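If you want the building blocks of each chain, they are given just below.
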Amino acid sequence: MAAGGLLKSTKLTLCSLQSAKAAASQCRAFTTQLTEQQQEIQTLARNFSKEHLKPQASQLDTQARFPFDLIKKLTKLGLMGACVDSEYGGLGLDYLSLALAVEEISRGCASTGMILSIHNFLYANLVNERGTEEQKQLFLKDYTAGNIGCFSLSEPGAGSDVANIRTLARRDGDHWILNGKKSWVTSAIEGQATAVFATFDPDLRHKGLACFLVPLDAEGVFRGNKEPLIGVRAATACDITLEDVRVPASSLVGEAGEGFKIAMAQLDQGRIGIAAHAVGIAQAALDTAINYAKEREAFSKNLTRLPSVKDRLTDMCILVESARLLTYRAATDVSTKNSSMAKYVAGRNAAAVADHCVQILGGRGLSTNYDAERHFRDARGTQIYGGVTDIQKRLVGHFLLKEHDAL
């Protein structure tokens, strides 16, 4: 080919590539640039966290005291119904806006961030997106105005193995009768209603599951004692026992047999919430480490000038930002693979960042008079609740191979 022909061909190729890149950029579903509304929510939550949460977080943790007043304030801001349609008292926001709020609230107080995350991603969003009009009137409108909702999936013998649920649902005319026990139900002590997953035929495994909306003051519902936890101590979790709990057929969400599908879809959202929660804790640990290193002197210089400390802070920054980006991606492109990746990375990174924070503070990092040890404890739980990291890794691998027809 002549030189002129080669040059012309190369220019055409470059033009084609540029056109393809331009088209791809216009079609991108994810961008790191937040919208004006998302920035407003982020700023709102950040300011609230600085003013109301951070000053109280240590005391709430030490006393293991549920933050009723703070939840009431978050309700007035609309954040206890962030994604709920406005006609039911919500703000009608997208998942990323909610994730931003959870991150900033968790940055100030991990316990409050946990409560906000579970109530929204696992309860309010479920009713808003899948509930009937009657269900929304009974189980949603009051839950953007102060009531707290819960999510009852795990059991003593069914955690990651959801298909092994043994809480039994028996049809009785126009009602269902529920019997069983649920474990680790966040906010159940303070909550007013919960989504309960039960089986109407254990032999059908996941195909026999159903989801019900149940008032926590219903006859036959018994709440257990608060579980003593190593982290997020101001949040609560307890068992729920259901003994011949009679609920109307109208309490069934979707159809009988759709419970597994509903649970999995909601967990895709819930993992985004826990990932954002973990990012907030990690950012708080990074804040703590930097503030301490700026003031503390060793070898006649601030810790920030010591290469070893600077390296740790750099690693912490990278861990926080990588988890944040995966979380934002999951919130804008919801899928099991994306939410599992976000939760897996965010949980592991939060634990690593909190460990670095303790190390930088040295002996003070072990003292309950400093925030580092609280961040360390709070971070550990993010690798367990909402789905343990081991399962998240398996889910990512499964969907990765499925995408490549390699199963």
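First, a word on scope: everything that follows refers to the structure included in this document. (Residues numbered from 1 in each chain as written. Predicted model: local features only at pLDDT ≥ 70, side-chain atom pairs only at ≥ 80, totals over all residues. Heavy atoms only, no water.)

**Some thoughts on the overall build of the protein**
Okay, so step 1: Counting secondary structure elements, the protein contains eleven helices and ten strands.
Okay, so step 2: Relative to the compact-globule value of 22 Å for 407 residues, the protein shows a C-alpha radius of gyration of 24 Å, a close match.
Okay, so step 3: Oriented by its inertia axes, the alpha-carbon framework of the protein measures out at about 80 × 70 × 40 Å.
Okay, so step 4: Counting across all 407 residues of the protein, residues that qualify as buried make up 50%.
Okay, so step 5: Summarising the internal contacts of the protein: among those between residues at least 6 apart in sequence, 72% fall at separations of at least 24.
Okay, so step 6: About 18,900 Å² of surface is accessible on the protein, with carbon and sulfur atoms providing 52% of the total.
Okay, so step 7: Between the averaged position of the 46 positive side-chain charges in the protein and that of its 44 negative side-chain charges there is a distance of 8 Å. (Helix = DSSP H or I, 4+ residues; strand = E, 2+ residues; numbered from the N terminus. Rg over C-alpha atoms; globule rule 2.2 N^0.38 Å. Buried < 20%, exposed > 50% of the residue type's maximum accessible area, 1.4 Å probe, protein only. Contact = heavy atoms within 4.5 Å. Areas by Shrake-Rupley, 256 points an atom, 1.4 Å probe, with all protein chains shown as cover. Lys, Arg positive; Asp, Glu negative; His and termini not counted. Charge placed at Lys NZ, Arg CZ, Asp CG, Glu CD.)

**Observations regarding the state of the cysteines**
Okay, so step 1: Scanning the model with the defined rule gives zero disulfides in all.
Okay, so step 2: Here Cys109 is not cross-linked by a disulfide; its sulfur's nearest cysteine counterpart is in Cys357, at 16 Å. (Disulfide = S-S within 2.5 Å.)

**Quick notes on the packing of helix H2 (residues 36-63) against helix H3 (residues 68-76)**
Okay, so step 1: Viewed as axis vectors pointing N to C, H2 and H3 meet at an angle of 160 degrees, and their least axial separation amounts to 11 Å. Relative to H3, the element H2 lies roughly antiparallel. Of the two possible hands of crossing, H2 and H3 adopt the one that is left-handed. Where H2 approaches H3, its residues Phe48, His52, Leu53, Gln56 and Leu60 are matched on the opposing element by Leu70, Lys73 and Leu74.
Okay, so step 2: For the contact of H2 with H3, the residue count by class is five nonpolar, two polar and one charged. (Axes fitted to C-alpha atoms, helices over the stretch in contact; angles between N-to-C directions. Parallel < 35°, antiparallel > 145°, perpendicular 65-115°, else oblique. Left-handed = near helix turned anticlockwise from the far one by under 90°. Nonpolar A, V, L, I, M, F, W, Y, C, P; charged D, E, K, R; others polar.)

**A few points about the pairing of strand S3 (residues 175-186)**
Side chains on a regular strand alternate between the two faces of the sheet.
Okay, so step 1: Bridging between strand S2 (residues 168-172) and S3 involves five bridges; their strand directions are antiparallel. Across the sheet, the residue bridging to Arg171 is Trp176, located in S3.
Okay, so step 2: Between S2 and S3, which follow one another and run antiparallel, lie two residues, and Gly173 among them has a positive phi close to 65 degrees.
Okay, so step 3: Looking at chain direction, S3 and strand S7 (residues 237-248) are connected through nine bridges and run antiparallel. Bridged to Trp176 within S7 is Val247. (Pairing = 2+ DSSP bridges.)

**Description of helix H9 (residues 336-361)**
Okay, so step 1: Taking 1.5 Å per residue, 26 residues should reach 38 Å; H9 reaches 37 Å between its end C-alpha atoms and fits that length.
Okay, so step 2: Summarising burial for H9: 20 of the 26 residues are buried, a large majority.
Okay, so step 3: Residue Gly362 follows H9 closely and has a positive phi angle near 65 degrees. (Expected span 1.5 Å × (residues − 1).)

Note that all results are geometric; they support no functional claim without further evidence.
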